[in-house]
Amino acid sequence: MTVHQPLLDGSQKAFLACYLDNPSLVERLHRLLLDVIKDEFERLQILEINSVQALLLFNIGENEVTAGELKSRGYYQGSNVSYNLKKLVELGYMHHQRSEIDRRSVRVKLTEKGRKARGHVAGLFARHAEGIEKRGFVDTSGMDEINTALKRMERFWTEQIRYIY
């Protein structure tokens, strides 16, 4: 069986090339972000948690959440959220409490130690945002455009999953 490739004109080929760059660029940026967090924690001599765990702490913030809620947000593809939460509880970065309603569900929130580690990530992000803006890499309107475009891509892909099949 031969798969038919549509004939594309020059602008369509250029758009397709840009489109195909997007997922790999987003993935590379995420991996670089994890490396930046790892380097910061090594500099601070915080070696007991990894960058994914530090990002989990940052994204949980002052909220009380379940592993399922974190998974549904989709931030942690390729990582085992339950394992990382368990490790963070064992290391004293989080409290956990089994739900009174659904005994299978465990809710977690940051301890003081977790809030301190989260503060390191927040400080790192604030310094980076300031540096990006000061050096003129991207201004606020540029960041807004990037975020808007990425949200539109997310919406398009979500619609493909929901409505095509």
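Look a little higher up for the structure.
Read on for an overview of the structure. (Residues numbered from 1 in each chain as written. Predicted model: local features only at pLDDT ≥ 70, side-chain atom pairs only at ≥ 80, totals over all residues. Heavy atoms only, no water.)

## Overview of helix 2 (residues 51-60)
The buried fraction of helix 2 amounts to nine of the ten residues, a majority that puts the element mostly inside the structure. Regarding helix 2, the residues found buried are S51, V52, Q53, A54, L55, L56, L57, F58 and I60. The opening residue of helix 2, the one whose side-chain oxygen lies 3.0 Å from the backbone nitrogen of V52, is N50. (Buried < 20%, exposed > 50% of the residue type's maximum accessible area, 1.4 Å probe, protein only. Helix = DSSP H or I, 4+ residues; strand = E, 2+ residues; numbered from the N terminus. Polar contact = N/O pair within 3.5 Å; in protein donor to acceptor, adjacent residues only side chain to side chain.)

## Section: a nonpolar patch on the surface
Taken together, V26, M143, I146 and L150 make up a surface patch of nonpolar side chains, about 310 Å² in accessible area. With three residues, helix 6 (residues 140-163) is the largest single contributor of residues to the nonpolar patch. Counting through the fold element by element, I146 comes out in helix 6. (Patch = residues over 30% accessible without salt bridge, like charges linked within 9 Å, V, L, I, M, F, W, Y side chains within 5 Å. Areas by Shrake-Rupley, 256 points an atom, 1.4 Å probe, with all protein chains shown as cover. Salt bridge = Lys/Arg side-chain N within 4 Å of Asp/Glu carboxyl O.)

## Things to note about the pattern of salt bridges
Applying the stated rule across the entire model yields eleven salt bridges. Its salt-bridge partner being E90, residue K86 comes within 4.0 Å of it at the nearest N-O pair. Of this pair, K86 and E90 are both found in helix 4 (residues 81-90), four residues apart, which corresponds to roughly one turn of the helix. Given a relative accessible area of 53%, K86 falls into the exposed group. Using a relative accessible area of 51% as the deciding quantity, one classes E90 as exposed. For the salt bridge of K87 with E90, the shortest nitrogen-to-oxygen distance reads 3.8 Å. Note that K87 and E90 are positioned in helix 4 at a spacing of three residues, about one turn of the helix. Look at the salt bridges and you will find they share partners, linking E40, R43 and R127 into a network.

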